Every structure is written in C-alpha cells, then in structure tokens.
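One-letter residues, chain by chain:
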Amino acid sequence: MPNRAATSKKQKPESSEAYHQSYEESDGWLTRTGAVARVIYWGIHAACLLVFVVGAPLPAVLLCVATYFVRLLGITGGYHRYFSHKSYKTGRIFQFVIAWIGCSATQKGPLWWAGNHRRHHRFSDQEGDPHSPKHGWYHSHQGWIFDSRWEGTPEDVIKDFARYPELVWLNRNHWVPPLVLGILCGLIAGLPGVVWGFAISTTLLWHATYSVNSLAHIWGKRRYETGDTSRNNLWIALATCGEGWHNNHHYYQAAARNGFFWWEIDVTWYVLKALSWVGLVWDLREPSEAVKQGRPGKPRLARAA
Ligand SMILES: [Zn+2]
Ligand SMILES: [Zn+2]
C-alpha cells in the first residue's frame, strides 16, 4: 500500500531526468546512494586504520574528543532537538551556526536529516519509517541511508526551515563543512590530526548516532507505552549526550530534554540550558509533571508550518 513517504516526488527511486534535476536542486550533486558517497563512507571507515601508521599523539587524540562532542551536540541539540522537533528557539545566525556544526558530522544536510527524522516519528515502526528495526538491525543502523527511497530531501515535511536560503544552500552543499573540518584538522595536527580529528571521530559519531535508530529501538527499558519499539538505555545516552532516553523522547517529542528525571543523564540538555543562560537559545520546552507521570495529552508532532 503506497504511503505519503513513498509517494513524495523526492523519494521516488526512479532515474528520470526530472527526478535528478529536482534532487540536485535541494541535495546537490553528491547523492547519498551513489558510488561516490559509498566510497567516501567506507573510505573514512578504512582511514581509521591509519592509526597504526600515525600512532596516538596526544594533540590528535584531544582533537578527536573535541570534534566528537562538538559535532555530536550539533546533531543532538541542532539537527535533532531544533530542526526536527523545534523544542526551543534561537536567532537566525545561531540557527545557521548549529546547522553548520551538525552538517560537519558528515550526515548530510539539515533539511534532509530533519525531514527524514520527522518521518521516523510520524510512521514509527510502520510503513514509511525510514529506519525501523522491523526491517532488520542493519537496515535501521545504516542500510537505510543507502536506500534510494530516502535519498532526496523530503521537502513536504520540512517547509518551515526550507524557507531560509542559507539552510537550503547548506543542504545542497552539505559536503562543504566536513571538508573544511578535515582541512582544519590537518592544519592543527597534521596527518594524525586528520586521522583522529576527522576519520576516527566521524566514524564513532556515525555509529553513535545510528545506534539511536537501531539499538535504542531494540535494547533497553520501556517506561511509556508508545505504540513503537523505542527504549531507554543509559549506555546509549552516555555515548550520545542524552539521546538514549529514546522511549521518553518518542513519548513526548516536544521536549528539549530527553532525560526526564535528574538521574537520566542528558548532556545535550545541560548544554542547551547553559546556552539559554547566555541568551543564545530560549523557550526551551520541558515535559510537565503530568507528562512525566504518563499523562501527556496529545503528543505534539513537529510539522512543517
Ligand atoms: Zn526525534
Ligand atoms: Zn526512534
């Protein structure tokens, strides 16, 4: 049975000229499923092996820690909690800054990422969910990324941010921030800087992010009845700055915090709170006591305005 996701003009796995023109308008020349993207993806994995050549000099390892956590926060606090769920507000300049940082994680552009994530929530574990583990662990972890059904930016669900030309530009030229970061790592710490600060950091970041889509729907506890397979998992929360409280998140997506209780460690929330103290972000949404006790009313889905 066809669904909205599968029938969107940007999601058709056809090779017509019109489709490719349309794809290039919003996603640029670098497709997600083509040979170049696959070579880049697996090439960055393979480049991690250069660690046996360059060793582990301290500046390069520290660079890896920094690029891992800063870009992870760009994904969790930016791509996820801001662009996908609008769980807080910020100004136009900082909006672009967090989009750039998120984009440097080499997970494609903000409109593509957030649009497909909105689909994940709208069709959780049903037909139309880009990465449900019901289609196998590998598919939910990284197989879906190379699935042509989810290749194009789903413009119909991300219209609210697609009205900003700078975000459209970034979405189309999503390869620029990773390239800039790779060059900077080389300038800062030479080849070990590129291996640690870009290749190893990016690979770890990919699999930490993807584990939220795969493992956090398989491994962990369910506090709330959500109608999907989402779970809460401390270990994933620690690796992903708080995204492992995924059952909480599926239960109440509007919140800027995924750890609902003080003992649920959520570093992204702490950082967003600190940013609010200096005025860079504001109107952070929190779950009410009723939500935490399991009486959320109607969950608010992020929708294109
Ligand atoms: Zn989400
Ligand atoms: Zn999920």
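Residues numbered from 1 in each chain as written. Chains lettered and ligands numbered in written order. Predicted model: local features only at pLDDT ≥ 70, side-chain atom pairs only at ≥ 80, totals over all residues.

(A) Representation of the overall build of the protein. Of regular secondary structure, the protein possesses 15 helices and 2 strands. Within the protein, contacts between residues at least 6 apart in sequence are counted, and of these 69% link residues at least 24 apart. (Helix = DSSP H or I, 4+ residues; strand = E, 2+ residues; numbered from the N terminus. Contact = placed C-beta atoms within 7 Å.)

(B) How the structure looks around the nonpolar core. Within the largest apolar cluster, 43 residues are counted, with the highest numbers of intra-cluster contacts made by Leu72 and Ala114. Only helix H5 (58–84), helix H6 (92–103), helix H7 (110–122), helix H10 (165–172), helix H11 (176–213) and helix H12 (234–239) provide two or more residues apiece to this core. Top contributing element to this core by residue count: H11, with 12 residues. Excluding residues that lie within four positions of it along the chain, Ala114 makes contacts with Tyr79, Phe83, Ser84, Ile158 and Phe161. Counting residues in each nonpolar core, the second largest holds 7 residues, with Tyr251, Tyr252, Ala255 and Ala256 among its members. (Core = buried A, V, L, I, M, F, W, Y, C linked by C-beta atoms within 7 Å. Buried ≥ 20, exposed ≤ 12 C-beta atoms within 10 Å, placed from the backbone.)

(C) A look at the confidence of the model for the protein. Taken as a whole, the protein shows an average pLDDT of 88; of its residues, 90% reach a score of 70 or greater. Note on residues 1–9: pLDDT under 50 across the span, and 15 contacts to partners over four residues away in sequence or across chains. Per-residue pLDDT stays below 50 along residues 300–305; that stretch engages in 17 contacts with residues further than four places along the chain or on separate chains. (pLDDT = per-residue confidence, 0-100.)

(D) Broad picture of the packing of H5 against H7. Close contact between H5 and H7 brings their axes to 9 Å; oriented N to C, the two are set at 60°. Classed by the angle they form, the pair H5 and H7 counts as oblique. Judged by the twist between their axes, the crossing of H5 over H7 is right-handed. Between H5, through Tyr79, His80, Phe83 and Ser84, and H7, the contact on the second element is made entirely by Pro110, Trp113, Ala114, His117 and Arg118. Of the residues contributing to the contact of H5 with H7, the split by class is 5 nonpolar, 3 polar and 1 charged. (Axes fitted to C-alpha atoms, helices over the stretch in contact; angles between N-to-C directions. Parallel < 35°, antiparallel > 145°, perpendicular 65-115°, else oblique. Left-handed = near helix turned anticlockwise from the far one by under 90°. Nonpolar A, V, L, I, M, F, W, Y, C, P; charged D, E, K, R; others polar.)

(E) Geometry of the environment of Val271. Structurally, Val271 is set in helix H14 (residues 267–277). Given 17 C-beta atoms within a 10 Å radius, Val271 is considered partly exposed. Apart from residues lying up to four places away in sequence, Val271 is in contact with Leu73 and Gly77.

(F) Structural detail: unusual backbone geometry. For Lys86, which is not a glycine, the phi torsion comes out positive at approximately 50°. Mapping Lys86 onto the fold places it in the loop between H5 and strand S1 (89–90).

(G) Looking closely at the packing of H5 against H14. Closest axis-to-axis distance for the H5/H14 pair is 10 Å, and the angle between their directions is 75°. Here H5 is positioned roughly perpendicular relative to H14, judged by the angle of their axes. Contacts from Leu73, Thr76, Gly77 and Arg81 in H5 reach Thr268, Val271 and Leu272 in H14. Considered class by class, the residues forming the contact of H5 with H14 number 3 nonpolar, 3 polar and 1 charged.

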